[in-house]
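Survey of secondary and tertiary structure
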Amino acid sequence: MRRSGALVIGVLVGLFVGAAFIRRRTAHAERADLYFEDGSMLSLSNGSPGADRLLPLARKIVSQARQA
């Protein structure tokens, strides 16, 4: 009985640590999401083609919006 309880606690702790790691890793990733009229969406992240030109513009727009 004690082994199964320890196993459940170990699995829950492992899931929590894994979720925190994934969240921390993806929280700092920059990306730009483009939404189109037909309902489709394109997500550009650092290193993808087109993102090198689009992300600096997005940063500028966001900083100007925060100042206003």
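The following paragraphs examine the structure supplied in this document. (Residues numbered from 1 in each chain as written. Predicted model: local features only at pLDDT ≥ 70, side-chain atom pairs only at ≥ 80, totals over all residues. Heavy atoms only, no water.)

Observations concerning the overall build of the protein chain
Threshold: Helix and strand definitions follow DSSP, with helices as H or I runs of at least four residues and strands as E runs of at least two, each counted in order from the N terminus. Using C-alpha atoms as the atom set, the radius of gyration is obtained and then compared with a globule rule of 2.2 Å times the number of residues to the power 0.38. Residue burial is assigned from relative accessible area. The probe radius is 1.4 Å, only protein chains are included, and a residue is buried under 20% of its type maximum, exposed over 50%, and partly exposed in between. Contacts between residues were defined by any pair of non-hydrogen atoms, one from each residue, lying within 4.5 Å. Computed by Shrake-Rupley with a 1.4 Å probe, the accessible areas treat only the displayed protein chains as cover when residues are assessed. In this charge count, Lys and Arg are treated as positive and Asp and Glu as negative; neither His nor the chain ends contribute. By convention, the charge on Lys lies at NZ, on Arg at CZ, on Asp at CG and on Glu at CD.
A count of helical and extended segments in the protein chain gives 2 helices and 2 strands. Secondary structure elements in the protein chain, listed N-terminal to C-terminal, are α-β-β-α. Its C-alpha atoms give the protein chain a radius of gyration of 20 Å, more than 25% over the compact-globule value 11 Å for 68 residues. Expressed as lengths along the three principal axes of its C-alpha atoms, the size of the protein chain is roughly 60 × 30 × 25 Å. Classification of the 68 residues of the protein chain by burial places 7% in the buried group. Nonlocal contacts in the protein chain, meaning residues at least 24 apart in sequence, comprise 10% of its contacts between residues at least 6 apart. Entry remark: accessible area of the protein chain is about 6400 Å², with carbon and sulfur atoms responsible for 62%. Of note, the protein chain has its 10 positive side-chain charges centred 19 Å away from the centre of its 5 negative side-chain charges.

Quick look at a nonpolar patch on the surface
What counts is decided by this rule: Every patch collects residues that have over 30% relative accessible area and no salt bridge, joining them within 9 Å if they carry like charges and within 5 Å if they are nonpolar side chains (Val, Leu, Ile, Met, Phe, Trp, Tyr). By definition, a salt bridge exists where a carboxyl oxygen of Asp or Glu is found within 4 Å of a side-chain nitrogen of Lys or Arg.
Taken together, L7, V8, V11, L12 and L15 make up a surface patch of nonpolar side chains, about 500 Å² in accessible area. Here V11 lies in helix α1 (residues 2-27).

Regarding the pattern of salt bridges
Summed over all chains, the structure comprises 2 salt bridges. Of the charged contacts in the structure, one is a salt bridge between E30 and R59, with a shortest N-O distance of 2.8 Å. Highlighted residues: E30 in the loop between α1 and β1 (31-35) and R59 in helix α2 (residues 51-67), separated in sequence by 29 residues. Take R59: its relative accessible area is 42%, and that puts it in the partly exposed class.

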